[in-house]
Amino acid sequence: MILICGALFGEEIIKRPTPQEALHKLIAGNIRAIEDQIEHPNHFKESKLLALVNKQEPFAVIVACSDSRVSPEILFDQGIGDLFVVRIAGNVVGLIELESIHYAVTQLKAPIIVVMGHENCGAIQAVLKNQDQTMPEIGALIRPAVECAKGEKGDLLQNAIEANVNLVVHQLKEMDFIKKAMQAGDLEVVGSYYQLQNGVVRLLMEPSNPCVKGEL
Ligand SMILES: [Zn+2]
């Protein structure tokens, strides 16, 4: 799955991964992290730092919660320069987050966007309990998912977290720059759910109606 496809005049040619290859790379990293077989313990290796001084080529955009327990580089076992991370409580996307994602897709050509919710997300819980007065902007972005989840069977908080992921994936896929990259086969957008209890990142299927729960 690694992407070094040859050598020319002593220089390695690095091919950009396809969206599918990028997703597999993330999943493989998550498995390594869970199994305590990490390959990226030393993020500050001098050679890697120097190679990244003037450029970056992250192979994935991760939209994650700011929660201290869901650090993408750690749970996907990736190093410096690998992931372009947009973190905000509740992993929602407003105009500011969208500008960051736009840069990663159009300028850095990242081939995959993973929107990642997580177990026991405090931001979603706050909106569920109408305790989001101190974060009105974020709360407003989360509320539609909470409303979706209210009609579903099962655990209300988990359903709201998954509905929130699905709605963000749906929202991103409606953006022109994302549609364009997807139509060219250069980009995929997927939803996921991080389980705090065991470190597993579960992929979520985006249902045709983003309010309906789905799982791969
Ligand atoms: Zn959270």
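Here the structure is shown first, and the text comes after it.
### A word on the environment of His-43
Thought 1: Mapped onto the elements of the fold, His-43 is located in the loop between helix H1 (19–34) and helix H2 (46–51).
Thought 2: C-alpha separation for the pair His-43 and Ile-80, spaced 37 residues apart in sequence, amounts to 5.8 Å.
Thought 3: The residues contacting His-43, other than those within four sequence positions of it, are Leu-49, Glu-73, Gln-78, Gly-79 and Ile-80.

### Quick word on the sheet that holds strand E3 (residues 60–64)
Thought 1: Read from one edge of the open sheet, five strands run E4-E3-E5-E6-E7, paired in mixed fashion. The sheet is open, and its two borders are formed by strand E4 (83–87) and strand E7 (201–204), each paired with just one other strand. Strand-to-strand twist in this sheet, taken as the mean axis angle between neighbours without regard to direction, amounts to 30°.
Thought 2: Sheet topology places E3 next to E4; five bridges connect them, and they run parallel. The residue of E4 that forms the bridge with Ile-62 is Val-85.
Thought 3: The strands touched by H1 within the sheet are E3, E4, strand E5 (112–118), strand E6 (188–194) and E7, with E5 carrying the most contacts at an inclination of about 35°.
Thought 4: Against the sheet, helix H7 (residues 156–173) touches E5, E6 and E7, its axis set at about 165° to E6.

### Brief notes about the pairing of E5
Thought 1: For E5, the tally of buried residues reaches seven of seven residues, placing the bulk of the element in the interior.
Thought 2: Both faces of E5 are covered, namely the face carrying Ile-112, Val-114, Met-116 and His-118 and the face carrying Ile-113, Val-115 and Gly-117.
Thought 3: Taken together, the four bridges between E3 and E5 define a ladder with parallel strand orientation. Across the sheet, Val-61 pairs through a bridge with Ile-113, a residue of E5.

### Observations regarding the layout of surface pockets
Thought 1: The volume enclosed by the second largest pocket comes to roughly 250 Å³.
Thought 2: Lining the second largest pocket are 15 residues, and of these Val-105, Lys-109, Ala-110, Ala-181 and Asp-186 lie nearest its centre.
Thought 3: The greatest single-element share of the lining of the second largest pocket, amounting to three residues, is contributed by helix H8 (residues 176–183).

### What to know about the packing of helix H6 (residues 136–150) against H7
Thought 1: It is at 8 Å that the axes of H6 and H7 come closest, and there the two elements cross at 125°. On the basis of their axis angle, the class for H6 and H7 is oblique. Handedness of the H6/H7 crossing: right-handed. Across the interface between the two elements, Leu-141, Ile-142, Pro-144, Ala-145, Val-146, Cys-148, Ala-149 and Lys-150 of H6 pack against Leu-156, Asn-159, Ala-160, Ala-163, Asn-164 and Leu-167 of H7.
Thought 2: Grouping the constituent residues of the contact of H6 with H7 by class yields 11 nonpolar, two polar and one charged.

### As for the coordination of the zinc ion
Ideal geometry at a metal centre gives angles of 109.5 degrees when four donors are arranged tetrahedrally and 90 or 180 degrees when six donors are arranged octahedrally.
Thought 1: Around the zinc ion, the protein supplies Cys-65 (SG), His-118 (NE2) and Cys-121 (SG) as donor atoms, at distances of 2.1 to 2.3 Å.
Thought 2: All donors to the zinc ion come from one chain, and their sequence spacing reads C-x52-H-x2-C. Of this pair, Cys-65 sits in the loop between E3 and helix H3 (72–75) while His-118 sits in strand E5, and the two are 53 residues apart along the sequence. Here Cys-65 and His-118 have matching classes, each one buried.

### Section: empty space enclosed by the protein
Thought 1: Applying the stated criterion to the full structure yields one cavity of 30 Å³ or more.
Thought 2: Taken as a whole, the largest cavity holds about 50 Å³ of empty space.
Thought 3: The wall of the largest cavity is formed by Leu-23, Leu-26, Ile-27, Asn-30, Phe-76, Val-114, Val-201 and Leu-203.
Thought 4: At the level of secondary structure, the elements contributing two or more residues to the lining of the largest cavity comprise H1 and E7.
Thought 5: With four residues, H1 is the largest single contributor of residues to the lining of the largest cavity.

Definitions and cut-offs
Residues numbered from 1 in each chain as written. Predicted model: local features only at pLDDT ≥ 70, side-chain atom pairs only at ≥ 80, totals over all residues. Heavy atoms only, no water. Helix = DSSP H or I, 4+ residues; strand = E, 2+ residues; numbered from the N terminus. Contact = heavy atoms within 4.5 Å. Pairing = 2+ DSSP bridges. Axes fitted to C-alpha atoms, helices over the stretch in contact; angles between N-to-C directions. Buried < 20%, exposed > 50% of the residue type's maximum accessible area, 1.4 Å probe, protein only. 1 Å grid on protein atoms, 1.4 Å probe; cavity = no way out; pocket = protein on both sides within 12 Å on 5 of 7 lines; lining within 4 Å. Points joined across faces, edges and corners; volume = space filled by probe spheres on them. Parallel < 35°, antiparallel > 145°, perpendicular 65-115°, else oblique. Left-handed = near helix turned anticlockwise from the far one by under 90°. Nonpolar A, V, L, I, M, F, W, Y, C, P; charged D, E, K, R; others polar. Donors = N, O, S within 2.8 Å, 3.2 Å for Na, K, Ca; no water.

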